[in-house]
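Listed below are the residues making up each chain.
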Amino acid sequence: MNTLFRSTLQCLQAGAVVCRPKVIGGYVPFAASARVRQLCAVSGEKNLAEIVKKNKVVVFMKGTPAQPMCGFSNAVVQILRMHGVDNYASYNVLEDQELRQGVKAFSNWPTIPQVFFNGEFVGGCDILLQMHQNGDLVEELQKLGIRSALLDAEMDEKSK
């Protein structure tokens, strides 16, 4: 019951409309609690859709850019740094299990980290690494109005 109450409160804070479930003998029937979870999921998806659109680059990761807590999250941070992308929103999924599961459901992608450009899901570590290696990341960053630092490094080497 405590979990149901907490989930309902989070949904209400997020703006979801929830009907009061009928309490029978001190317990909320399973169907009612399932309905609340479903409403929370819808509310969570709306919040995630807003979150990924707030910044040009959004990363859901384990840890923070200053202290990644897994090798894959660290690789994403390093790739973005190589391109000079320091101004991006990051969310530590280790601090919030609901966020961790919610972003996986939202993107229909089972792993963390997850990278979004202008609200669109790009992929995880493997895809970002592949984009970096084949040059697609430079192009995608240009579409966002971000000049890759690798272009400047290339120009510096040519001018020598």
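Note that the coordinates shown come from a computational prediction; the quantities given were computed from them, not determined experimentally.

Thresholds, definitions, all that
Chains are numbered independently. Their residues run from 1 in the order of the written sequence. A pLDDT threshold of at least 70 governs which residues receive local features in this predicted model, and a stricter bar of 80 or more applies before side-chain atom pairs are shown or counted, although totals over entire chains, interfaces and linings include all residues. Just so you know, side-chain values use all the structure's heavy atoms and leave hydrogens and water out. In this text, helices come from DSSP runs of H or I with a minimum length of four residues, and strands from runs of E with a minimum of two, each type numbered from the N-terminal end. When checking whether two residues touch, look at their non-hydrogen atoms; a contact exists if any pair is within 4.5 Å. Each accessible area value is a Shrake-Rupley result obtained with a 1.4 Å probe; residue values ignore everything except the protein chains displayed when judging cover. Accessible area is worked out with a 1.4 Å probe on protein chains only. A residue is then buried under 20% of its type maximum, exposed over 50%, and partly exposed in between. Here, strands pair whenever DSSP counts at least two bridges between them. For helices, the fitted axis covers only the stretch in contact; all axes are lines through C-alpha atoms, and the angles between them, taken along N-to-C directions, range from 0 to 180 degrees. Note on angle classes: values under 35 degrees are labelled roughly parallel, values over 145 roughly antiparallel, values of 65 to 115 roughly perpendicular, and the remainder oblique. Residue classes follow a fixed rule: Ala, Val, Leu, Ile, Met, Phe, Trp, Tyr, Cys and Pro count as nonpolar, while Asp, Glu, Lys and Arg count as charged, and any other residue, Gly among them, counts as polar. In what follows, salt bridge is the name for a side-chain nitrogen of Lys or Arg lying within 4 Å of a carboxyl oxygen of Asp or Glu.

Participant: Would you take a moment to explain the overall build of the protein chain for this structure?
Facilitator: Within the protein chain one finds 7 helices and 4 strands. For the protein chain, the succession of helices and strands along the chain, N to C, is α-α-β-α-β-α-β-β-α-α-α. Considering only contacts within the protein chain whose residues lie at least 6 apart along the sequence, 58% involve residues at least 24 apart. Carbon and sulfur atoms make up 53% of the accessible area of the protein chain, which amounts to about 10,000 Å² in all.

Participant: I tried to follow the pairing of strand β3 (residues 114–117) on my own but got confused; where do I start?
Facilitator: Side-chain direction in a regular strand flips from residue to residue, so the side chains alternate between the two faces of the sheet. Burial along β3 is two-sided: the residues Gln-114 and Phe-116 and Val-115 and Phe-117 are all buried. As paired elements, strand β1 (residues 57–61) and β3 share 4 bridges and run antiparallel to each other. Note on β3: the bridge partner recorded for Val-57 is Phe-117. Sheet topology places β3 next to strand β4 (residues 120–123); 3 bridges connect them, and they run antiparallel. Residue Phe-117 lies in a different strand from β4, and its bridge partner there is Glu-120.

Participant: Even after reading the chapter, I still don't get the packing of helix α5 (residues 125–134) against helix α6 (residues 136–143), so can you show me in this structure?
Facilitator: In a pair of packed helices, the angle between the axes and the distance between the axes together describe the arrangement. At a minimum axis distance of 5 Å, the contact between α5 and α6 shows a crossing angle of 100°. With respect to their mutual orientation, α5 and α6 come out roughly perpendicular. Contact residues: Leu-128, Met-131, His-132 and Asn-134 in α5; Asp-136, Leu-137 and Glu-140 in α6. Considering only residue class, the contact of α5 with α6 consists of 3 nonpolar, 2 polar and 2 charged.

Participant: Looking at this structure, how should I read the pattern of salt bridges?
Facilitator: Side chains that differ in sign of charge can pair as their charged atoms come close. This model, assessed by the stated rule, comprises 2 salt bridges. A salt bridge links Lys-143 to Glu-140; its shortest N-O distance comes to 3.0 Å. Taken together, the residues span about one helical turn, with Lys-143 and Glu-140 both in helix α6 at a distance of 3 residues. On the basis of relative accessibility, which here comes to 26%, the residue Glu-140 falls in the partly exposed class. Across the pair Asp-152 and Arg-147 runs a salt bridge, and its minimum N-O distance is 2.9 Å. Under the relative-accessibility criterion, Asp-152 is labelled partly exposed at 34%.

Participant: What should I look at first to understand the sheet that holds β4 in this one?
Facilitator: The strands making up a sheet associate through hydrogen bonds between their backbones, and the pairing can be parallel or antiparallel. Read across the open sheet, the 4 strands follow the order β2-β1-β3-β4; overall the sheet is mixed. With partners counted over all chains shown, the strands left at the sheet margins are β2 (89–92) and β4, one partner each. For this sheet, the mean inter-axis angle between neighbouring strands, taken without regard to orientation, is 25°. Sheet contacts for helix α3 (residues 71–82): β1 and β3; angle to β1, the most-contacted strand, approximately 160°.

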